[in-house]
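Each chain, letter by letter, is given below.
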Amino acid sequence: MIPLWVSLCMGAQAPEVQNYQNNRYPLVQKPYVALPLGNIKAKGWLLEMLERQRVGATGHMDELYPEVMGERNGWLGGDGDQWERGPYWIDGLLPLAYILDDKALKAKVQPWIEWALKSQREDGFFGPARDYPHEDGIQRDNSADWWPRMVVLKIMQQYYNATQDQRVIPFMTNYFQYQLKTLPEKPLGHWTFWAEYRVCDNLQVVHWLYNITGDTFLLELGDLLHKQSINFTEMFTNSDALTRQASIHCVNLAQGLKEPVIYYQQAGDRKYIDAVKKGLADIRKYNGQAQGMYGGDEPLHGNNPTQGVELCSIVEMMYSLESMAEITGDLSFVDHLEKVAFNALPTQITDDFMRKQYLQQANQVMATRHKRNFYEDHSHVCTDVTYGTKTGYPCCYSNMHQGWPKFTQNLWYATPDNGITSLAFSPSEVTAKVGNGVQVRITEDTYYPMDDVIKYTVNMVNKKTKQVEFPFHVRIPSWCKKAEIVLNGSPLKSVEGGRVEVIKRIWKSGDVLELRLPMEIKIQDGWYENSVSIERGPLVYALKMNENWTKKPFTGHEIKQFGEDYLEATSTTKWNYGLVNDDKNKANEKYIVSVDKEKVKSTFPWNIENAPIEIKVKAKELTHWGLYNEMTGPLPLSVGHTPEPVEEITLIPYGCTTLRVSQFPLVW
């Protein structure tokens, strides 16, 4: 839903002077305004995730994947890979570098920035301009394609937001003039179809530049880009595409999902937002899985919990949800973002951030090299659910880096009333101008999502400033029936979920605002074959299974395709359970929640050893439900009866698992 205060704010006259620039007329005013890159810092477990990226693959892709990310890369002027993978890496490395304020990482980013700027021709075109013969493992034969430049545009936008390097503005302006002149003759689909599906990333940067320069040709370009893109509005509203398998590429869907909402800023018609809402509902109904994603192993592939979910889809889905929340203020996008971030993302990358799983399964009891019902089984030689570097397909090894840094950057926003808002929750610290331009630093101390208490401490950056009046906006998630807000130790108010609460007052250094979000168990039904999942707060829970890890080598020609080795995970834990069909309205009475208070405080809760929360539930073994191609076999329909005895099984947060069952049949 879009909160009432947002509707009022969007219709009301904004303050004469805004601390941060909103959309320029005639673009629709946004309820939330992005802060400069680097103003939001991670703390606690979220900082640990970024630190693991720093010392892991994100900080060392040029060494780990030199044939693509090394000096031969076409985006560094070389004769190597010149398509999406190099820019993908920098799209995650750059925000990581500036959030951590890491000089070494910034130094790795800078050559990519400098070469892109210097590559611009007089007509505005930039980037690689020469094709090369085929070379295994390298994409270097499509230098003119529109699509990889869209990733570089995102990089340049982030770079400017972090540094204010004024070279970016004429660079962008010249390129967009080139696009406006060239697209009628060589439209988005002239070289490949990827740009038609992913042009929203291009359009988003066009609007961003318009807000800086006010050049009206950019609005003309915006209309042209929208016109040449795949019509997602029509797809979501008036077609059966989301009900059919293989109707669209899974990453194109995750990225393109936001196109109608981005164009809404220019068109001003609510139909674009409504189309995306309907699209998300249909994705959930026909392709959805418990962790917030959908079956897509390259093409869209239904809602069976053994169908793969591509890692690229996860990080692109997160970015789409972040973008749409900023533009609309719709809190359902933030709820969905947290579900994906806290459940799907942690499980698909190893703890040391060195290896990834190309496809994850909601019900995954063996992560092994074996033929499964995936689209790319043959060409990927059955490596899709193993943990490796280039296993499956190397796009995800290149693109996984943006997930946590961009999530961090989108925890906080400025608001048009010269306030600030805390949208998604994680331990963090933000520095921002509020009120009449006073800089404040707000620290968010929390163990969320493993805990339900969030504590904000407000301080003035300038110690000579004693106080400032501003509105502090805090989101109350829709899953929370009633939140408690406490100010400086005294109860302030109770607030129902699914809204933003605004506390406007004179804030002083040392003020503490606490948000308490009681988490209740919810049995989520309506999944594949009437299966159910268990949720508590933003977390999905899955069967706790022991994990036995084995490293296996690649040999021969497979080394070049997939890397030196890969990891498999197997388990001896029995998994073929159905949950006893209790009244779902009494789940909080029937299910037993135990919380390890010490593990909750862990800076890395995302594995089976550190999982701080367990839920005990009643279940029965389904002896006829067995393995098929090293997967959970056909899921029994939730109408079954079994004479097997009732057992107690343990569930832990989905994001802490590698092997799991998260969608269960019901039994009597």
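Conventions we followed
Residues numbered from 1 in each chain as written. Predicted model: local features only at pLDDT ≥ 70, side-chain atom pairs only at ≥ 80, totals over all residues. Heavy atoms only, no water. Pairing = 2+ DSSP bridges. Helix = DSSP H or I, 4+ residues; strand = E, 2+ residues; numbered from the N terminus. Axes fitted to C-alpha atoms, helices over the stretch in contact; angles between N-to-C directions. 1 Å grid on protein atoms, 1.4 Å probe; cavity = no way out; pocket = protein on both sides within 12 Å on 5 of 7 lines; lining within 4 Å. Points joined across faces, edges and corners; volume = space filled by probe spheres on them. Nonpolar A, V, L, I, M, F, W, Y, C, P; charged D, E, K, R; others polar. Buried < 20%, exposed > 50% of the residue type's maximum accessible area, 1.4 Å probe, protein only. Contact = heavy atoms within 4.5 Å.

Caption draft 1: Inspection of the sheet that holds strand E13 (residues 482–487) at higher detail. If you trace the seven strands from one edge of the open sheet to the other, you get E1-E9-E10-E11-E16-E13-E14, paired in antiparallel fashion. Strands with a single pairing partner mark the edges of an open sheet, and in this sheet they are strand E1 (40–42) and strand E14 (490–496). On average, each strand axis in the sheet is inclined to that of its neighbour by 20°, with strand direction left out of account. Looking at chain direction, strand E9 (residues 428–434) and strand E10 (residues 438–446) are connected through seven bridges and run antiparallel. Considered in E10, the bridge of Ser428 is made with Glu444.

Caption draft 2: Spatial organisation of the layout of surface pockets. Computed from the structure, the largest pocket encloses a volume of approximately 1,000 Å³. In terms of lining, the largest pocket is formed by 41 residues, of which the most central are Lys339, Ser478, Lys522, Gln524 and Glu535. Mapped onto the lining of the largest pocket, the elements with two or more residues apiece are helix H15 (271–287), helix H17 (331–347), strand E17 (521–524), strand E18 (533–536) and helix H21 (587–590). For the lining of the largest pocket, the leading source of residues is H17, giving six residues. Along the lines of polarity and charge, the residues of the lining of the largest pocket split into 18 nonpolar, eleven polar and twelve charged. By volume, the second largest pocket is sized at about 900 Å³. Contributing elements (two or more residues each) for the lining of the second largest pocket: helix H7 (146–163), helix H10 (200–213), helix H16 (311–328) and helix H19 (403–409). Here the lining of the second largest pocket gets seven residues from one element, more than from any other, and that element is H7. Counted by class, the lining of the second largest pocket contains twelve nonpolar, 17 polar and six charged residues.

Caption draft 3: The arrangement of helix H3 (residues 57–64) in detail. Along H3, the positions that sit buried rather than exposed are Ala57, Thr58, Gly59 and Met61. Contacts from the buried residues of H3 go to helix H2 (44–55), helix H4 (66–69), helix H5 (85–100), helix H6 (103–118) and helix H18 (395–399).

Caption draft 4: How the structure looks around unusual backbone geometry. Of note, the bond from Tyr25 into Pro26 is cis; its omega dihedral lies within 30 degrees of zero at 10°. Relative to the elements of secondary structure, Pro26 occurs in the loop between helix H1 (4–11) and E1. Of the consecutive residues Tyr448 and Pro449, the connecting peptide bond is found in the cis state with omega at 10°. Take Pro449: it is sitting in the loop between E10 and strand E11 (453–460).

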